[in-house]
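Remarks on the overall topology
What follows is the residue order along each chain.
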Amino acid sequence: MRPTLWQRMDVMARHMVPFALVLMLVLIAATPTHVPGMVRVGPMLSLIGVYYWSVYRPDLFRYGSAFALGLFEDILTGAPLGSGALMLVIASAIVVGQYKFFNGKPFIVTWWAFAIVALAAAGARWLAVSVLYGDIVDLQTIGVEYLLTVALYPVVGWLMARAQMLLIKDA
């Protein structure tokens, strides 16, 4: 029996959930906070989303999605074009390459592994930005972003898991 148009549209919409959720994280991260006297430092929310979907649903989140979202984030934030895309694609490639390691592991293991992947991604972004600007970027800023990102992973990961259970199911 052939699925109806509405059933096919439903499946297509469910397959777009990972991309849409990471896009929302990119938009949230790019929103200015306007805290007086504070340098703009925030968590790498897009990295959390890319990591989560690369671990739990790599079939629905491909490298092209990570690249496009990273490029869009670079445009929104004014970062050197390609630095965010490089960071997200490297993170996704690391995780997808180790899919057997992540499969069925408890949360604490995936969180620990995220801390390592986030460190590698932050280092790659720092290097890319430093090379593109021709000057060494402040490591303290990257360090604060890294710590915020690792600390927020459980909350954002939990929200992504809820969305996966409610919206994607067996898509």
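So, how was this worked out
- Residues numbered from 1 in each chain as written.
- Predicted model: local features only at pLDDT ≥ 70, side-chain atom pairs only at ≥ 80, totals over all residues.
- Heavy atoms only, no water.
- Core = buried A, V, L, I, M, F, W, Y, C linked by side-chain atoms within 4.5 Å.
- Buried < 20%, exposed > 50% of the residue type's maximum accessible area, 1.4 Å probe, protein only.
- Helix = DSSP H or I, 4+ residues; strand = E, 2+ residues; numbered from the N terminus.
- Contact = heavy atoms within 4.5 Å.
- Bend = angle between axes of the 7 residues up to and from the residue.
- Polar contact = N/O pair within 3.5 Å; in protein donor to acceptor, adjacent residues only side chain to side chain.
- Phe/Tyr/Trp six-rings, centres within 6.5 Å; stacked < 30°, edge-to-face > 60°.
- Lys NZ or Arg CZ within 6 Å of the ring centre and 35° of its normal.

Quick look at the nonpolar core now. With 38 residues, the main nonpolar core has L47, Y51, W53, F61, F114 and M160 as its most contacted residues. When contributions to this core are tallied by element, the ones reaching two or more residues are helix 2 (17-30), helix 3 (45-56), helix 4 (63-77), helix 5 (83-97), helix 7 (107-133) and helix 8 (139-168). Each residue touching F114, except ones within four places of it in the same chain, is listed here: L47, I48, Y51, T149, V150 and Y153.

By the largest-angle criterion, Y153 marks the main kink of helix 8, which is about 45°, and a proline, P154, follows within four residues. The complete set of buried residues in helix 8 reads I142, E145, Y146, T149, V150, Y153, V156, G157, M160, A163, Q164 and I168. Looking at the buried positions of helix 8, the neighbouring elements they touch are helix 1 (5-15), helix 2, helix 3 and helix 7. Two to three positions downstream of the cap, the backbone nitrogen of Q140 sits 3.3 Å from a side-chain oxygen, assigning the N-cap of helix 8 to D138.

Before going further, it helps to spend a moment on the packing of aromatic side chains. Summed over all chains, the structure comprises nine aromatic pairs. With a centroid separation of 5.2 Å and an interplanar angle of 75°, the aromatic rings of F101 and F102 are classed as edge-to-face. Note on F101: relative accessible area 34%, which makes it partly exposed. Taken together, the ring pairs in this structure connect Y51, F101, F102, F107, W111, F114 and Y153 into an aromatic cluster. The ring of F101 carries K105 above its face, with NZ or CZ at 5.2 Å from the centroid.

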